[in-house]
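What follows is each chain in one-letter form.
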Amino acid sequence: MVKKFHQKTKVLICMSGGVDSSVAAALLLRQGYDVTGAFMVNYDSGRAPVGDSNCWLPEYRDALRVAAHLGIPLLKLDFTKEYSEKVLKYMFREYKKGRTPNPDVLCNTFIKFGVWLDWAKRHGFEKLATGHYARLGREIRNPKHEIRNKSQIQNPKFELVQAKDKNKDQTYFLHQLNQEQLSHVLFPIGEFTKPQVRSLARRFGLPTANKEESMGICFVGEVPMKEFLGTKIKTKMGRMVTTRGEVIGKHDGLAFYTIGQRHLKISNDKIQMSNQIQNPSVQTRPLFVVGKNVKKNELIVGYEDDPALHKKEIIVTDVHWVGGQAPKFPLHCEVRLRHRQALQKAIIKCQMSGVKCQVSLDTPQRAPTPGQFAVFYKEEKCLGGGVIR
């Protein structure tokens, strides 16, 4: 049985047309909230050189069907300009520098819980809800008997907590949120597993109950990454070298390659491009991208067991702490270098008020990728994170 609380609080629920946000909206209604749906248009491929025109239309139709079924209004809001300015420009800029950014993290920080939340507050909504798999916790700064200032009770610290479904947990993408943002958000499905969400969708009779999940770039969808990047980044060929310094070919541009990416094969001790191997039956060893020399415009490759592909020490910059201030160092915690990676034990040492950190991992990790995010955890709490350099 779903508890009812915060009766008649005005909530704007972001409805993407998927099953998760659909169930989130249904749960909010059953909890007694005053619910309004919103479908946000953030990227219109009809104006872009890649993709089908108006790629958001099928999702919008599904969101309309769900809103009609639930009996709530659905607003359609256009944030394509803001998304282009705050996410896409950053994404292309980072790729041009040879790094591999994560647009989903930036999208959450600056779009979903940035411009969307600002719009919601300006229009009288007290909360913004999404279909993220995450939970909110609250921490009172001092035990009750020690509190002398009542504001410590009235303004507890908000905690970002992993979802019940650890396989679907999305706190990795939310780790840049601050206390002000968290004080205005709701994650209605954080206490449920994905199978439970599906079951609720069927029980509520939602039109999206059996809809498959979408993948790809946040709001852009499933497009070939090289083709998408090619709309803004020109080909800049350079040398491809092994970690031993052997020149084995050319690359199309450092922006189009990711650390850890499988790229080449070796046959008869002679390196060849995979599509040039004449005899497929010959035993081969794959090669992987292990680094980039931006100054020389060189792509560096090596075998799976190459030490250059596995690192035990990484530097993380622009670190954000969810609680608003850095913890005490050294910090013994766990870290995740990519979404859904198993948590890894680590020791964090930081300088510059916790903005730049050295991460020492218990075991070497494969392909820490510059531009991606390292996110720190303590038990189930997401502490924050920063950019891998």
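Structural data are supplied above this passage.
Draft legend 1. Here's a closer look at helix H3 (residues 80-96). In this model, H3 (17 residues) spans 22 Å end to end at C-alpha, consistent with the 24 Å of a helix rising 1.5 Å per residue. The sharpest bend along H3 comes to roughly 30 degrees, located at Leu 88. All of the buried residues along H3 are Thr 80, Tyr 83, Val 87, Leu 88, Tyr 90, Met 91, Phe 92, Glu 94 and Tyr 95. Downstream of H3 by a residue or two, Gly 98 has a phi angle that is positive, lying close to 90 degrees.

Draft legend 2. Structural view of the packing of helix H1 (residues 19-30) against helix H8 (residues 194-203). Closest axis-to-axis distance for the H1/H8 pair is 9 Å, and the angle between their directions is 65 degrees. The two elements H1 and H8 cross, and the hand of that crossing is left-handed. Contacts from Val 19, Asp 20, Val 23 and Leu 27 of H1 reach H8 at Lys 194, Val 197, Arg 198, Leu 200 and Ala 201. In the contact of H1 with H8, the residues fall into six nonpolar, no polar and three charged.

Draft legend 3. Up close: the pairing of strand E15 (residues 331-336). Pairing geometry for E15 and strand E16 (residues 344-351), over five bridges, is antiparallel. Within E16, the residue paired with Val 335 across the bridge is Gln 344. Sheet topology note: the E15/strand E18 (residues 373-378) ladder contains three bridges and is antiparallel. By the bridge assignment, Glu 334 is partnered in E18 with Tyr 377.

Draft legend 4. Here's a closer look at the state of the cysteines. Within the structure shown, the criterion is met by one disulfide. The side chain of Cys 350 participates in a disulfide bridge whose partner is Cys 357; the two sulfur atoms lie 1.7 Å from each other. Here Cys 350 and Cys 357 share a disulfide; its torsion about the S-S bond, 95 degrees, makes the bridge right-handed. The exposure class assigned to Cys 350 is buried, which follows from its relative accessible area of 18%. For the unlinked cysteine Cys 333, the closest cysteine sulfur is that of Cys 350, found at 9.2 Å.

Draft legend 5. Representation of the packing of aromatic side chains in the model. Within the structure shown, the criterion is met by 10 aromatic pairs. Seen from their ring centres, Trp 56 and Tyr 60 are 6.0 Å apart, and the 70 degrees between their planes marks the pair as edge-to-face. Looking at Trp 56, the relative accessible area reads 14%, which means it is buried. Since its relative accessible area comes to 16%, Tyr 60 is described here as buried. Counting every residue linked through ring pairs, the aromatic cluster contains Phe 39, Trp 56 and Tyr 60. Seen from the ring of Phe 204, Arg 30 lies directly overhead, with NZ or CZ sitting 3.9 Å from the centre.

Draft legend 6. Expanded view of the pairing of strand E17 (residues 356-366). One ladder, built from six bridges, connects strand E14 (residues 310-321) with E17; its direction is antiparallel. Along E17, the bridge assignment pairs Ile 315 with Gln 358. Looking at chain direction, E16 and E17 are connected through six bridges and run antiparallel. Looking at E17, one finds that Cys 350 is bridged to Cys 357. Joining the antiparallel neighbours E16 and E17 is a turn of four residues, in which Met 352 adopts a positive phi near 50 degrees.

Draft legend 7. Looking closely at the nonpolar core. Counting 60 residues, the largest nonpolar core has Leu 12, Met 40, Trp 116, Leu 128 and Leu 160 as its most contacted members. The element best represented in this core is helix H4 (residues 103-122), accounting for 10 residues. Aside from chain neighbours lying at most four places away, what touches Met 40 is Leu 12, Cys 14, Leu 77, Phe 79 and Trp 116. Val 19, Ala 26, Trp 56 and Ala 67 belong to the second-largest nonpolar core, a separate cluster that totals 33 residues.

Draft legend 8. How the structure looks around the sheet that holds strand E7 (residues 185-186). Strand order in this open sheet of five strands is E3-E2-E1-E4-E7, and the pairing throughout is parallel. Each edge of the open sheet carries a strand with a single partner, namely strand E3 (74-78) and E7. Note that strand E1 (residues 10-14) and strand E2 (residues 34-41) share five bridges and pair parallel. Bridging from a neighbouring strand, Lys 10 pairs with Asp 34 of E2.

Draft legend 9. Molecular detail of the environment of Ser 183. If you trace the backbone, Ser 183 turns up in the loop between helix H7 (179-182) and E7. C-alpha of Ser 183 to C-alpha of Glu 126: the two residues are 57 residues apart in sequence and 9.6 Å apart in space. Polar contacts involving the side chain of Ser 183 include one to the main-chain carbonyl oxygen of Glu 180, which spans 2.7 Å.

Scoring rules and cut-offs
Residues numbered from 1 in each chain as written. Predicted model: local features only at pLDDT ≥ 70, side-chain atom pairs only at ≥ 80, totals over all residues. Heavy atoms only, no water. Helix = DSSP H or I, 4+ residues; strand = E, 2+ residues; numbered from the N terminus. Expected span 1.5 Å × (residues − 1). Bend = angle between axes of the 7 residues up to and from the residue. Buried < 20%, exposed > 50% of the residue type's maximum accessible area, 1.4 Å probe, protein only. Axes fitted to C-alpha atoms, helices over the stretch in contact; angles between N-to-C directions. Left-handed = near helix turned anticlockwise from the far one by under 90°. Contact = heavy atoms within 4.5 Å. Nonpolar A, V, L, I, M, F, W, Y, C, P; charged D, E, K, R; others polar. Pairing = 2+ DSSP bridges. Disulfide = S-S within 2.5 Å. Phe/Tyr/Trp six-rings, centres within 6.5 Å; stacked < 30°, edge-to-face > 60°. Lys NZ or Arg CZ within 6 Å of the ring centre and 35° of its normal. Core = buried A, V, L, I, M, F, W, Y, C linked by side-chain atoms within 4.5 Å. Polar contact = N/O pair within 3.5 Å; in protein donor to acceptor, adjacent residues only side chain to side chain.

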